[in-house]
Amino acid sequence: MLGRDVLWVPGCDHAGIATQVVLEKHLMQTTGKNRHQLGQEEFLRAAWEWKDSKESCIYDQLQKLGVALDWDCSVFTMSKDMSHSVVQAFIMLHDRGLIYRKPRPVNYCPALQSVISDIEVDHWKVTGPTETVIPGHDEPVMFGQMFDVAYPLVFPDGSTPSSGEHIVVSTTRPETIPADTAIMVHPQDHRYKHLIGKKAQIPCRPDRSIPIIADAAVDPAIGTGAVKVTPGLSAVDYAVGQRHHLPVMSNILRDGTLDSSVPSLQGLPRLSARGAMLSLLEERGLLRAVRPHAQTVPRCSRTGDVVETLVQKQWFVRVREMAERSCRAVENGDLLIDPPSQRNVWTTWMKQTQHEDWCISRQIWWGHRVPMYRIRHAADTEPLKGAGPLADDDGEVWLAAESETQALDKAAEMLGRSAELLRAEQDPDVLDTWFSSALFPFASLGWPWQSARLSRYYPTSVLVTGQDILFFWVARMVMLGTELTGQLPFKRVQLHGLICDSKGVKMSKSRGNVIDPMILIDSEYRAAASKSSHNTDPLYSHSSQNKSSTELSSQDPSSPAKSSPKQAEDKKSDHPTNVASNTTGLDLPFVGPDVLRMALLSTSLFSDHVQFGPKELDSFSKLPNKMWQSVKFLRMSCDRIKCRELLPLHKLTQDLGVMERWLLHHTGSLVSTADGALRSCNTALLITAFTTLWKSVLCDVFLEAVKPCIDVHSSLEVPDCAVESLKGPEMQYGDAVTSMSVMAHCMTTALLCIAPVMPHLAEELYHCMPTVAGSPKKPSIFAEAYPQHAMWHQWEDISVARQVDAWLEVVAAARSLKAAHGAAQKRASGVLYSECPHLTAAQRGTELSSVACHLAQLSAIEIIYGKNPEGCVQASLVTPAGENSVLHLNIPGVDVEQQAARLEKRLAKLARQLSVAKKYEWSNTEKINKLSNELQHTQRLKESLQELILRQRRPTS
């Protein structure tokens, strides 16, 4: 093709949380045990087996799709070499002071008992009281309510006023009241100005009182205008607490249950405890009101659990300086991000993230262990206390090392003690999957070793990925790449939209709405899958049936648990468990790898969401057959005219017919578009140009236009419909060998252009093409040079294109007129009233009018400049140059009055359909526009017929 030195590394990341969740569901189904019952060692053994199975499945899918990866260089993020790179990167960052351990607010999923990233948090919006099922809770939990709770005021000595004076606070989380550390009001709220600086008693905790503070973060218009502050359970409250030096407390434990701060609530699941807390408040007369309230509930996309904000000691990466460098790289043009709209998004996010360090530790089992070791005295159970750079906020000594032995040696050297007097304990947490994935551009090439591959291919050229992980992956690759290698990991980032199902919902294995590509492209795999009534592979299905309380829920956070029968039926159709459902793709047609590739690559780069379903596949499902039939026609035509070798392109410059020049022009346009499309990574442009050439230009027009020429030169009987149009020397189309040679060159060039998109079919058809004299075929189409615009520029001829396109408008008008009058297969004669220069040109007009007669099945067509002919139906048309023309057809045997009556009924039907669409489908502009255009077209046909009827009824003089 282009002959460039290219490396495309295939790789899989270990997908820590996602894999652990799916695997644990699988183990629960197959063994009846969760990971804790199974044990860490046995669970990790099962995880590696799972990895081997799914990795081979993923690579098999890619290979069958024809992805041209360098398979010898495949990388797994938890392989030995990658794990070494991860550890080295961590140690380097830690030694530079960029990794630290500190208590900070994090997203925490109690069902997973782990910190999760922002991308794993779904924001479920409720507008009022709504019940839904939450993992670990026996009964549905109510959301969308606000509670007004009275906090009694207290005197400085701790006693409460006998008058029962209090402040009423609005909250959506009454179960967290025991962890409150302040009440906050707006400093300008006159209702509470006299209370600022005083204290109030925590309901259900008479032993604790908290201050009433003023802060502009409060919105006085929401609820009572007074809110409780719980820094240990809210990121917003944590920031308030830092400003006002409030203590950090939490009453939610790591398993999601409540602590002993209120003995009667101890051990209850936090959301189930809400009702018990409300009962306590009501008993004491402190619950003043319950009102509907719109709220956004953060839920874990992996489990469906409500995400809690907990302040925990975790490992963080300082990102401020790295983010500043990454921001400048885009602003200076060193890093190009497309589409351009994402550049401002990048800059804005980078400036915001400078103040939010990256939490990289996770409390799961599947992943890279954090290479940090806590140093203790050999004989003591308590951690060694110290100060300076080796100690964290609690004075515990931590060291980054590759192994326990190295950690002890480093500790002995730094502390001046014998290693035998010390012991090291590795942190049990694992690293965020995005940390190892962020190293992929250079670690996959051998970093930190200076390998030949690293020096040859790093930095890389382009990254193509989804917009949804611009910050979770792309930004972190850029930040760590510049920090660890001193270079940007790639020069360009091309982003595509989020892949969604046919209903516009993001495809997710957790939701069960993904499509197994093998069912669409591998016939044997599809046949085997169709024999099974259920798909037990958790990668491609999920079931909410027969779940035990210990299982992790995968309920869609966007749907409430209680719904109407129709909603339940809709949900059943959205997330079925049967294998023959849209969760796998058995309801979709078998299309083969090239159609699937084309459907995916045809999506717009500028769409935030890409819907994928039957409609997208149908757009290209018939194209392969059309391509096969075209090549078959070419080969058969060559046999009929007894042509063993076609003429090379450089010998075709003389005496080319107008249709041959028209086809060459469009092929040159395709080559030009293909060149630009590949440079811009916009494969949709290439696909559109290719399908236009092959279907609209080659098959719909050129093939039909040259058939009479092939018939004449093969001395076969010519069809009646073409006899009259072939009479006379001025009606000849050109030499058949020349036509077939031009057609072969254009088809081969089109195959070369589309080969990166349709590799299988392009390869097969390339070897089926007739031989061209002096141009032996290469072993593979990919050994051919990719078409260059410089070689095809000479064939672009705008004047020819406009002339042919003008006559094709006449053909379309004639076909439409004949079809509208029930005479699609009948022959007719035509009269064209036009002053369009592309239609009246003498040089090529006769040849093109003959082509038009053949394509429209007209016996003749005449161009006039005078009055309208009698006894004809007519249609107006606008040529590509913009000139108005009128086509008159004399169709024998047509009952115009009968056709007028038929059109009248059609008009009434279209008017009804349009009225219904505007009333009930007003948002479906595509349907409304289509109906409106058809209504206008039918109205014009009716008026044309009525005028003809009047002329026929008019008495002749």
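Definitions and limits used
The written sequence of each chain sets the order in which its residues are numbered from 1. In keeping with the predicted nature of the model, local features appear solely for residues at pLDDT of at least 70, side-chain atom pairs appear and are counted solely at 80 or more, and the whole-chain, interface and lining totals rest on all residues. Hydrogen atoms and water are omitted, and side-chain values are computed over all heavy atoms in the structure. UniProt positions are given in the numbering used here, feature names are shortened, and annotations may be inferred rather than shown by experiment. Under the DSSP-based scheme used, a helix requires at least four consecutive residues in state H or I and a strand at least two consecutive residues in state E, with every element numbered from the N terminus. Burial classes follow relative accessibility: with a 1.4 Å probe on protein chains only, a residue under 20% of its type's maximum area counts as buried, one over 50% as exposed, and anything between as partly exposed. Working rule for contacts: check all heavy atoms of both residues, and any pair within 4.5 Å makes them a contact. Here the accessible surface of atoms and residues is derived via Shrake-Rupley with a 1.4 Å probe, and residues count as covered only by protein chains that are part of the display. Put simply, buried Ala, Val, Leu, Ile, Met, Phe, Trp, Tyr and Cys residues joined by side-chain atoms within 4.5 Å make one nonpolar core. Two strands are counted as paired when DSSP detects at least two bridges linking them. Here, axes are lines fitted to C-alpha atoms. For helices the fit covers the stretch in contact, and angles between N-to-C directions go from 0 to 180 degrees. Place the viewer so that the strands point away; then a crossover is right-handed whenever the path from the first strand over the helix to the second strand goes clockwise. Polar contacts here mean pairs of N or O atoms no more than 3.5 Å apart (in protein, one a potential hydrogen donor and the other a potential acceptor; neighbouring residues in sequence count only if both atoms are side-chain atoms). Orientation labels follow simple angle bins: below 35 degrees gives roughly parallel, above 145 gives roughly antiparallel, 65 to 115 gives roughly perpendicular, and whatever is left gives oblique. Under the scheme applied here, ten amino acids are nonpolar (Ala, Val, Leu, Ile, Met, Phe, Trp, Tyr, Cys and Pro), four are charged (Asp, Glu, Lys and Arg), and all others, including Gly, are polar.

- Per an unreviewed UniProt entry, the chain carries the name valine--tRNA ligase and comes from Hyalella azteca.
- According to the UniProt record, the Sequence similarities (unreviewed entry) comment for the chain is "Belongs to the class-I aminoacyl-tRNA synthetase family."

## Section: the overall build of the chain
- Across its full length, the chain carries 30 helices and 31 strands.
- The buried share of the chain, taken over its 957 residues, is 52%.
- Partitioning the intrachain contacts of the chain with sequence separation of at least 6 by distance along the chain shows that 77% fall at a separation of at least 24.
- Put simply, the chain shows about 44,600 Å² of open surface, and 51% of that area lies on carbon and sulfur atoms.

## Looking at the nonpolar core
- Formed by 95 residues in total, the largest nonpolar core has its most connected members in Met659, Phe690 and Trp694.
- The leading source of residues in this core is helix H21 (residues 683-713), at 16 residues.
- Not counting residues within four places of it along the chain, the set of residues in contact with methionine 659 comprises Val701, Phe702, Ala705, Val804, Glu847, Leu848 and Val851.
- Of all hydrophobic cores here, the second largest spans 60 residues; its members include Trp315, Ala329, Met372 and Ala475.

## Structural notes on the sheet that holds strand E22 (residues 422-426)
- Strand order in the open sheet made by the 3 strands is E21-E20-E22, with antiparallel pairing throughout. Both outer strands of the open sheet, strand E21 (398-400) and E22, are each paired with one neighbouring strand and no more. When strand polarity is set aside, the average angle formed by the axes of neighbouring strands in this sheet is 35 degrees.
- Two strands pair when backbone bridges link them, and strand E20 (residues 372-377) and E22 are joined in this way by 5 bridges, in the antiparallel orientation. Paired with arginine 376 across the bridge in E22 is arginine 423.
- Strands in contact with helix H9 (residues 404-415) are E20, E21 and E22; relative to E22, the strand with the most contacts, it is inclined by about 130 degrees.

## Points about the pairing of strand E25 (residues 490-496)
- Burial runs high along E25: 5 of the 7 residues are buried.
- As paired strands, strand E17 (residues 336-338) and E25 are joined by 3 bridges and run parallel to one another. From the neighbouring strand, leucine 336 faces E25, where its bridge partner is arginine 492.
- Relative to E25, strand E24 (residues 460-466) runs parallel, the two sharing 6 bridges. When the bridges of E25 are listed, glycine 466 appears paired with histidine 496.
- Viewed along the sheet, the connection from E24 through helix H13 (residues 470-485) into E25 turns out right-handed.

## Side note on unusual backbone geometry
- Cis peptide bonds are those with omega within 30 degrees of zero, and the linkage from aspartate 338 to proline 339 qualifies with 0 degrees.
- Here proline 339 lies in the loop between E17 and helix H8 (341-353).
- Cis geometry marks the peptide bond from tyrosine 458 to proline 459, where omega comes out at 0 degrees.
- As for its placement among the helices and strands, proline 459 is situated in the loop between helix H12 (452-457) and E24.
- Even without being glycine, alanine 15 reaches a positive phi, approximately 45 degrees.
- Position of alanine 15 relative to the elements: it lies in the loop between strand E1 (11-12) and helix H1 (16-31).
- Positive phi is not limited to glycine here, since cysteine 681 has a value of about 60 degrees.
- Summarising the element assignment, cysteine 681 is placed in the loop between helix H20 (658-679) and H21.

## A few points about the environment of tryptophan 398
- Residue placement: tryptophan 398 occurs in strand E21.
- When the C-alpha positions of tryptophan 398 and alanine 424 are compared, they lie 8.9 Å apart, and in sequence the two are 26 residues distant.
- At 3.4 Å, the side chain of tryptophan 398 forms a polar contact with the side chain of glutamate 396.

## Some remarks on the packing of helix H7 (residues 320-331) against H13
- Where H7 contacts H13, the axes come no closer than 9 Å and their chain directions differ by 105 degrees. One way to sum up the angle between H7 and H13 is to call them roughly perpendicular. In this structure, H7 contributes Met322, Ala323, Arg325 and Ser326 to the contact, and H13 contributes Val478, Met479, Leu480, Thr482 and Glu483.
- For the contact of H7 with H13, the class distribution of residues is 5 nonpolar, 2 polar and 2 charged.

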